[in-house]
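Each chain, written out:
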Amino acid sequence: MPFYKPFSENPMVTKQDYQQLVLDLFEPVRPYLASQGAKMDFDQGGAIFDMSASALEGVARLLWGIIPLVKGGGEFEHWDLFHTAISQGTDPNHPNYWGVMETINQTSVEKAAFGLLLAALPEHGWAPLDPQTKENFAQWLAQIQQAQMPQNNWLFFTILVQAGLRKVGRSDLVDINKEASYLKTLKSFYLGDGWYGDGAGKNIDHYGGFAIHYYSLIYASLIEDADNELKQLFIERANEFCEPFSYWFAESGECMAQGRSLTYRFATAGFWASAAISDLSAMELGTIKGLWARHLRQWKDKPIFTTEGLLTRGYDYPTLTVCEGYNSPTSPYWAFKAFLPLALEDSHPFWQVEEKPLALSQEVYAMPAANTIIQRVGGHSIAHFSGTIEQQFQVDKYNKFAYSTCFGADFDSLKDSHQMLFGDNILAISFDEGVNWQMRMSNHHVIVDETQNRMSIEWTTGTMSITTVIDVLDNGESIRTHTIELPQNAWVVESGFAVSNWYQPKETLIQRQGIQANIEIRGANGTSQIISLDGYEKESRDGYRIHTNVVSPRTHVPYLLTKLSAGKHQLISRYRVHPTT
């Protein structure tokens, strides 16, 4: 798995370092853009949408880094390649036309970058175009206002397009009623304590910082004629988000890999990037800079590129298992959203201030609005989680009882369950002696008790309801109590955190069976232990997982297996982890 030296050897300290980083990341893509124009293709597979939309992603997503680079005084010598792609992609008579959208379509997503281009750099994104291309471009962008849109962060894409059209004198194409309606809807997604629930489903995940918050701070800081009341509201909510979101980061820079769109990788730094340009008051600028920079730098030792330097699909290593169906070969370039601070002048305090370390005041931090309790151990975070389980994505990205910045999550948790191999941090039940298994699929009711650091969840597998209480303790320990009423005899599995054994063997430190079942295993990233506390006869086991974990292609997951008769049962186990990184 190759490293890309211009990335891994960049010190990532000064503004000039980050400016060069954008150029170096663009360079491997440049030949594709130069030779293929608006229909750029890496020949690395596809996505649920057509390859025209994938090509558009490849063109548009680069702009999230190039726009701030140039806005802040950096040099970029290849605008002609974008002018050509825009000319081709917006011309209905050209074979490379990006198309008209009426239903929900990926094309709507990518128009946002072009909206920002016109709003922030019309001298590069608009003025050089010929009159016919300008007309095609404006009409193509304006179509987003007629397209069907999911009622979530996507509504901001229309807002950014409208801002761009206004900037270049095409207010005649702006639907002000739709703008007002979309902004009202976006405001309504707020849950409290800084958290937005992304859409009607109230999704909570790592994505939230570089979605609604990110666009709202661009709106508040970079868009001319933005509504002053809304600007203040968006900034106020972002200020409230600073503290809780900082708990999702390790001292070494890793972010909680939880939720959708993990393949965008360092886009997660996008919230801190947008905070940097917005003069937020809730957190010192040096702390914001430290969170931003450390997250970017921690990717330097990860094999996330092809041999030619293209970003791959995956997370800490290339794997399609962590991807959604909408992740095309060019999708990872939304990582360029991290480079927003480059829009700041060289003299801005952000570039002068020293990075400050992450100084968190609480070992356990409850977030009731997010149905989450964060626990700190060894400089890392564990999220005890019961947010909405989003069914249209992999449920493992939302249904685990815990996620960690150190012990990566295993997806496709039940893929090999017939072989008694399971993903981490789930409760799995089988009524046919291990042939078929079921796990948490949706939550009915969640209560987060801040005073007790306790979470109570009523949830369902789809066929039966279960109540789980999680008590979050100190030093990486927690207790999960599952109350189950079984309609028939069943096998039940309680799994712990996955350890990495990519380049070293897994070590079994403790393995006891019976009513004192206890298993502790060690991998490269630390130790993971489960101790039974309920007096049931249990088998302690562990199982390997290949290419399903977000941080390691080879992991082991410890678990306890209980064989129960029909009736009511209460399973209680203590979980303990200790990171080594």
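In this text, all values refer to a predicted model and were calculated from it rather than measured experimentally.

J.: I'm lost on the overall build of the protein chain in this one. Help?
T.: Assigned secondary structure in the protein chain consists of 16 helices and 19 strands. Relative to the 2.2 N^0.38 estimate, which gives 25 Å for 581 residues, the radius of gyration of the protein chain is 24 Å and therefore close to what a compact globule would have. For the C-alpha atoms alone, the extent of the protein chain along its principal axes is close to 80 × 45 × 45 Å. A buried classification covers 64% of the 581 residues belonging to the protein chain. Of the roughly 20,400 Å² of accessible surface on the protein chain, a fraction of 47% belongs to carbon and sulfur atoms.

J.: Would you mind showing me how to read the packing of helix α12 (residues 212–222) against helix α13 (residues 228–246) here?
T.: Remark: α12 packs on α13, axes separated minimally by 9 Å, with the N-to-C direction vectors making an angle of 135 degrees. One element, α12, and the other, α13, form an angle in the oblique class. Note on packing geometry: the crossing formed by α12 with α13 is left-handed. Within the contact between the two elements, α12 uses His213, Ser216, Leu217, Tyr219 and Ala220 and α13 uses Leu230, Lys231, Phe234, Ile235, Arg237, Ala238 and Phe241. Broken down by class, the residue content of the contact of α12 with α13 amounts to 8 nonpolar, 2 polar and 2 charged.

J.: Can you help me understand the sheet that holds strand β4 (residues 372–377) in this one?
T.: Sheet strands pair by backbone hydrogen bonding; their relative direction is either parallel or antiparallel. Pairing within the open sheet is antiparallel, and its 4 strands lie in the order β3-β4-β5-β6. Of all strands in the sheet, those with a lone pairing partner are β3 (364–367) and β6 (402–404), marking the two edges. The sheet shows a mean angle of 20 degrees between the axes of neighbouring strands, taken without regard to direction. Pairing analysis gives 3 bridges linking strand β5 (residues 380–385) to β6, with the strands arranged antiparallel.

What counts, and where the lines are drawn
Residues numbered from 1 in each chain as written. Predicted model: local features only at pLDDT ≥ 70, side-chain atom pairs only at ≥ 80, totals over all residues. Heavy atoms only, no water. Helix = DSSP H or I, 4+ residues; strand = E, 2+ residues; numbered from the N terminus. Rg over C-alpha atoms; globule rule 2.2 N^0.38 Å. Buried < 20%, exposed > 50% of the residue type's maximum accessible area, 1.4 Å probe, protein only. Areas by Shrake-Rupley, 256 points an atom, 1.4 Å probe, with all protein chains shown as cover. Axes fitted to C-alpha atoms, helices over the stretch in contact; angles between N-to-C directions. Parallel < 35°, antiparallel > 145°, perpendicular 65-115°, else oblique. Left-handed = near helix turned anticlockwise from the far one by under 90°. Contact = heavy atoms within 4.5 Å. Nonpolar A, V, L, I, M, F, W, Y, C, P; charged D, E, K, R; others polar. Pairing = 2+ DSSP bridges.

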